[in-house]
Amino acid sequence: MINDCFAQNMRVIASRWPTLADVLQQAAAEKHRPAVQLIEGQDNTLLINGIQLTSRHNRQQEALQQISKLPQHYPHITLYGTGLGDMQQQLLSRERLQQLSVCILNEYIFALVLQLLDQRHWLSDSRVSLQLAASQSDIQLPFAVLPSELVLASDDNMKTRDRLYSELEAGYAAQRLRQDVSTFLPRLQQNQPFWQQDQQVQVLFNSLAADKDVYVIGAGPSLEQHYGFIRQAQQQANAPLLICVDTAVKALLAQDIRPDIIVSRDHKITLKHLPCSSLTAASSLVYFPLANPELLQHFPGTRYIALSDSAVFNPVRKQLAAAVLFSHGSVIHPAVDLAVKMGAKRVLLFGADFAFSHNKTHASWQNGALGPGYQAATEQVINGFGEKVPTLRNLLTYLTGLERYISKQPAVSFVNTSKAGAVIAGTQYHTELAS
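Since this is a predicted model, take the numbers as computed values, not measurements.

A. Quick look at the overall build of the chain. If you tally the helices and strands in the chain, you get 15 helices and 18 strands. Principal-axis analysis of the C-alpha atoms gives the chain an extent of 75 × 45 × 40 Å. Across the 435 residues in the chain, those meeting the buried criterion constitute 53%. Partitioning the contacts of the chain with sequence separation of at least 6, the portion at a separation of at least 24 is 63%.

This is the structure in structure tokens:
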């Protein structure tokens with residue numbers, strides 16, 4: 001239903017952002033609409049699919065609180081979510097603000113608000129730019145975000161939503177880590193005899209033959225579809241280098257596949273997860289200083305020590321000159337970075353699902369054996385078939401980290417071998433395996 005309020009708002013949008021006006025017109029005419037209720041209080045707001053868009057008591061005070069961590073001197077701020085216009089109003093009241101980029105997370109919600117409330121007070125401001133969040137290749141810092149619209153983000157904007165979650169979670173994690181660094185000191189001291197005698201990971205850098213592919217093998221459920229392919233490839237004359245994460249080792253060994261290099265970063269990994277007794281000296285281990293000492297003691301092959309940029313390792317950086325491997329919360333990150341630093345020009349990703357594809361959490365592990373079961377999924381992500389697959393927020397954070405890493409490696413081709421898991425920006429699908 002087109003009313004005067006909508007027409008007035010749209011005249012401003014059409015004059016400034018004509019392409020966007022067409023998108024919003026289509027959203028306003030959308031037949032498949034979420035459930036919407038008006039919620040009354042000291043202020044009024046909307047309840048959309050059970051999510052309250054803003055406070056119903058004091059919207060302006062809430063908006064001030066949501067932008068309170070953004071210093072007043074920032075000249076350019078990006079706002080994710082349009083809400084009812086309150087955050088825009090408060091940000092534009094800042095004297096030093098020169099540009100406010102407003103990113104729409106849900107086209108229908110914004111079109112609905114345009115029909116209900118006059119938004120020209122911020123739409124007409126010359127400092128404002130308006131765009132769909134999905135039009136950005138990555139999120140822009142510094143930013144503010146409307147929490148309710150993270151939950152209500154449309155399918156087209158889910159990738160941006162995931163990256164916003166990742167950025168927010170990274171901030172919380174860094175804060176927790178600063179408080180907890182001292183708790184890791186005993187393990188660092190306990191492992192000192194190991195990493196003082198082991199080789200440093202940079203010994204492996206630039207050691208790969210120019211024409212050799214690298215298979216980086218994660219433990220995602222889709223790995224189970226490709227055991228035969230990997231086993232056959234390993235038997236070829238110019239076999240690929242197999243770098244696998246620690247939790248994928250049992251699955252590979254059970255299929256008579258021997259990993260060349262195993263990467264382990266989590267201090268909680270034990271012999272139950274990585275069965276050293278089933279390995280031979282032909283496999284190597286790349287580990288971080290917090291590794292389980294029992295694991296290091298029983299590993300039969302060559303061990304290489306690596307670091308990440310985590311504050312946890314600051315106490316040993318002066319004593320340990322090991323190179324840094326990229327990490328963003330998951331062991332898949334240093335595994336991929338190792339492949340690139342070894343000289344890989346083509347990296348095939350197996351089991352890099354970042355989702356509970358096939359209603360499983362990991363390949364060849366019982367549901368819940370390595371953490372929450374698939375029933376605990378709190379989020380969804382789009383897979384290669386365009387389907388929504390259950391996942392967890394931390395997996396979305398890991399996905400964001402890998403995508404950002406890939407975007408910085410233009411000389412390397414990354415191939416995803418499965419469409420069952422999350423779409424990984426910057427990869428191509430394997431023509432034979434990903435069907």
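Continuing now.
B. Layout of the sheet that holds strand S12 (residues 284–287). The strand order across the open sheet built from 9 strands is S8-S13-S12-S11-S10-S9-S14-S17-S18, with neighbouring strands paired in parallel fashion. Of all the strands in the sheet, just strand S8 (199–200) and strand S18 (428–429) have a single pairing partner and so form its edges. This element, helix H11 (residues 227–234), spans strand S9 (214–217), strand S10 (241–245) and strand S14 (346–350) of the sheet and lies at about 145° to S9.

C. Here's a closer look at the environment of His32. By secondary structure assignment, the location of His32 is in the loop between helix H2 (18–28) and strand S1 (36–39). Residue His32 is classed as exposed on the basis of its relative accessible area, which comes to 73%.

D. View of the packing of aromatic side chains. In total, this model carries 7 aromatic pairs according to the counting rule given. Here the aromatic rings of Tyr215 and Phe229 are separated by 6.3 Å at their centres, their planes lie at 20°, and the arrangement is stacked. In this pair, Tyr215 is assigned in strand S9 and Phe229 in helix H11, connecting sequence segments 14 residues apart. When the ring of Phe229 is compared with that of Phe350, the centres are 6.2 Å apart and the planes differ by 35°; the resulting orientation is tilted. Linking Phe229 in helix H11 with Phe350 in strand S14, this pair joins segments that are 121 residues apart in sequence. According to the relative accessible area criterion, Phe350 is buried, its value standing at 0%. In this structure an aromatic cluster arises from ring pairing among Tyr215, Phe229 and Phe350. Positioned over the ring face of Tyr165 is Arg393, at 3.8 Å from the centre of the ring. The residue whose ring lies beneath Lys419 is Tyr429, and the NZ or CZ to ring-centre distance is 5.4 Å.

E. How the structure looks around the nonpolar core. In this structure, Ile217, Ile243, Val286 and Leu338 are the most contacted members of the largest nonpolar core, which totals 88 residues. Counting residues per element, this core draws most heavily on helix H15 (residues 393–407), at 7 residues. Once you skip the residues sitting within four places of it in the chain, Ile243 turns out to touch Val214, Tyr215, Val216, Ile217, Ile261, Val263, Ala335, Leu338, Ala339 and Met342.

F. Empty space enclosed by the protein, seen in detail. Under the definition given, this model contains 1 cavity of 30 Å³ or more. Of the pockets and cavities examined, the largest cavity occupies roughly 60 Å³. Taken together, 15 residues make up the lining of the largest cavity; nearest its centre are Thr54, Gln66, Asp86, Met87 and Leu146. Sorting the residues of the lining of the largest cavity by element identifies helix H3 (59–66) and helix H4 (86–92) as the ones contributing at least two each. By residue number, the principal contributor to the lining of the largest cavity is H3, which donates 4 residues. Taken together, the residues of the lining of the largest cavity break down into 5 nonpolar, 7 polar and 3 charged.

G. Representation of H11 in the model. Among the residues of H11, Tyr227, Ile230, Ala233 and Gln234 are the ones counted as buried. Taken around the axis of H11, the buried residues stretch over an arc of 135°, which confines them to a single face. Against S9, S10, helix H12 (249–254) and S14 lie the buried residues of H11.

H. Representation of the side chain of Ser154 within the structure. The residue Ser154 is located in the loop between helix H7 (147–151) and helix H8 (158–180) in this model. On the basis of relative accessible area, Ser154 is assigned to the buried category, the value being 14%. Reaching out from Ser154, the side chain makes a polar contact with the side chain of Glu107 at a distance of 2.8 Å.

Conventions adopted
- Residues numbered from 1 in each chain as written.
- Predicted model: local features only at pLDDT ≥ 70, side-chain atom pairs only at ≥ 80, totals over all residues.
- Heavy atoms only, no water.
- Helix = DSSP H or I, 4+ residues; strand = E, 2+ residues; numbered from the N terminus.
- Buried < 20%, exposed > 50% of the residue type's maximum accessible area, 1.4 Å probe, protein only.
- Contact = heavy atoms within 4.5 Å.
- Pairing = 2+ DSSP bridges.
- Axes fitted to C-alpha atoms, helices over the stretch in contact; angles between N-to-C directions.
- Phe/Tyr/Trp six-rings, centres within 6.5 Å; stacked < 30°, edge-to-face > 60°.
- Lys NZ or Arg CZ within 6 Å of the ring centre and 35° of its normal.
- Core = buried A, V, L, I, M, F, W, Y, C linked by side-chain atoms within 4.5 Å.
- 1 Å grid on protein atoms, 1.4 Å probe; cavity = no way out; pocket = protein on both sides within 12 Å on 5 of 7 lines; lining within 4 Å.
- Points joined across faces, edges and corners; volume = space filled by probe spheres on them.
- Nonpolar A, V, L, I, M, F, W, Y, C, P; charged D, E, K, R; others polar.
- Arc of directions from axis to C-beta.
- Polar contact = N/O pair within 3.5 Å; in protein donor to acceptor, adjacent residues only side chain to side chain.

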